[in-house]
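Take a look at the letters that make up each chain.
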Amino acid sequence: MTYRNQYWIYNKAIPERICDEIVTLFKNKEKIKAYIAGNRVLPKIRQSSVIFDRENLWIDHLINPFIKNANIRAGWKYNVDYPETHQFTEYQINQHYNWHIDENHEPYKTKDYKNGKIRKLSMSLCLSDKNSYSGGKLLLSAIDSGNKVKIFNVKEMKEKGSLIVFPSYTMHKVEPVTKGTRHSLVIWYLGNPYT
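Residues numbered from 1 in each chain as written. Predicted model: local features only at pLDDT ≥ 70, side-chain atom pairs only at ≥ 80, totals over all residues. Heavy atoms only, no water.

J.: Can you walk me through the overall build of the protein in this structure?
T.: Scanning the protein from terminus to terminus reveals 2 helices and 15 strands. Over its C-alpha trace the protein gives a radius of gyration of 16 Å, about what one expects of a compact globule, namely 16 Å for 195 residues. With the principal axes as the frame, the protein shows a C-alpha extent of 45 × 45 × 35 Å. For the protein, the proportion of its 195 residues judged to be buried stands at 49%. Restricting to contacts in the protein with at least 6 residues of sequence separation, those with at least 24 account for 83%. On the protein, roughly 10300 Å² of surface is accessible, and the fraction owed to carbon and sulfur atoms is 50%. Each charge sign in the protein was given a centre, from 30 positive and 19 negative side chains, and these centres are 4 Å apart. (Helix = DSSP H or I, 4+ residues; strand = E, 2+ residues; numbered from the N terminus. Rg over C-alpha atoms; globule rule 2.2 N^0.38 Å. Buried < 20%, exposed > 50% of the residue type's maximum accessible area, 1.4 Å probe, protein only. Contact = heavy atoms within 4.5 Å. Areas by Shrake-Rupley, 256 points an atom, 1.4 Å probe, with all protein chains shown as cover. Lys, Arg positive; Asp, Glu negative; His and termini not counted. Charge placed at Lys NZ, Arg CZ, Asp CG, Glu CD.)

J.: I'm lost on the nonpolar core in this one. Help?
T.: Generally speaking, a soluble globular protein has its nonpolar side chains buried in company with each other. Ranked by size, the top nonpolar core spans 27 residues in total, and within it Ile22, Ile63, Met123, Leu125, Leu163 and Val165 carry the most contacts. Residue assignment for this core shows that the elements contributing at least two residues are β1 (8-10), α1 (16-27), α2 (57-73), β8 (118-126), β12 (163-167) and β15 (182-191). When residues no more than four places from it in sequence are discounted, the contact partners of Ile63 are Ile14, Met123, Leu125, Leu163, Ile187 and Tyr189. Among the nonpolar cores identified, the runner-up in size contains 15 residues, and Tyr91, Leu138, Leu140 and Phe166 belong to it. (Core = buried A, V, L, I, M, F, W, Y, C linked by side-chain atoms within 4.5 Å.)

J.: Please explain the state of the cysteines as it appears in this structure.
T.: Here, the word disulfide means a covalent bond between the sulfur atoms of two cysteines. Tallied over the full model, the rule gives 0 disulfides. The thiol of Cys19 is not disulfide-bonded; the next cysteine sulfur, from Cys126, is found 7.3 Å away. Cys126 sits in the buried class, given a relative accessible area of 3%. (Disulfide = S-S within 2.5 Å.)

J.: What exactly am I supposed to notice about α2 here?
T.: Since there are 3.6 residues in each turn of an α-helix, residues three or four apart along the chain are aligned in direction. Look at α2: 25 Å from first C-alpha to last across 17 residues, which is about the 24 Å you get at 1.5 Å a residue. A bend of about 35 degrees at Ile63 is the largest found in α2, and the proline Pro65 appears one to four places after it. For α2, every residue scored as buried is listed here: Ile59, Asp60, Ile63, Asn64, Phe66, Ile67, Ala70 and Asn71. After α2 finishes, the residue Gly75 shows a positive phi value of roughly 85 degrees. (Expected span 1.5 Å × (residues − 1). Bend = angle between axes of the 7 residues up to and from the residue.)

J.: Hey, could you run me through unusual backbone geometry in this one?
T.: Across residues other than glycine, the phi torsion is negative in most instances, and most of the peptide bonds are trans. Even without glycine at this site, Lys12 takes up a positive phi of about 50 degrees. On the basis of relative accessible area, Lys12 is assigned to the exposed category, the value being 51%. For Asn94, which is not glycine, the phi torsion reads 70 degrees and is therefore positive. In this structure, Asn94 sits in the loop between β6 (86-91) and β7 (96-100).

J.: Looking at this structure, how should I read α1?
T.: Taking 1.5 Å per residue, 12 residues should reach 16 Å; α1 reaches 16 Å between its end C-alpha atoms and fits that length. All buried positions along α1 are accounted for by Ile18, Cys19, Ile22, Val23 and Phe26. An end-on view of α1 places all buried positions within 140 degrees of arc, on one side of the element. Turned more than 90 degrees away from the buried face of α1, the exposed residues are Arg17 and Thr24. Considering only its buried residues, α1 is in contact with β4 (49-53), α2, β6, β8 and β15. (Arc of directions from axis to C-beta.)

What is shown is where atoms sit, not what they do.
Below, the structure is given as structure tokens:
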């Protein structure tokens, strides 16, 4: 795939007061160390703290229209059903997430709404003021028409209230935070495997 419409960005789409409300909701709750597939904690790949939340469904209702709109306007037109549990993430100094994809290699094998589904779209919402932290850049990778790797530094994602949507098979990373704390909210959107 070429990098045309590799991602869809909404600059400052969510009001700052709502971002602050989300941070307040989770900031003092118990967080767990972020892990990668297989529930493994691997600090060289990923270091942050997270909370998975299914109680505050108003957050999904707030974000869902942006996902539907991006899916159409970017031309992906993926068949997506449900959002997976949203994840509040806190990156402190030196914390990061190295290159990875969000897509499952195999469909979920569960006894709930995820059974048989894969991640198709990923969304990240910036909850922190750009002056409250340094580092923590979101980078995406794609192959251009000449089969060369192109790296996107998504500068808009430093703006509080900005959100990005991209296909879950997209390689991406969060660079280490060098000052302050970076908060974000991530949601993955599920659908049947590609046919």
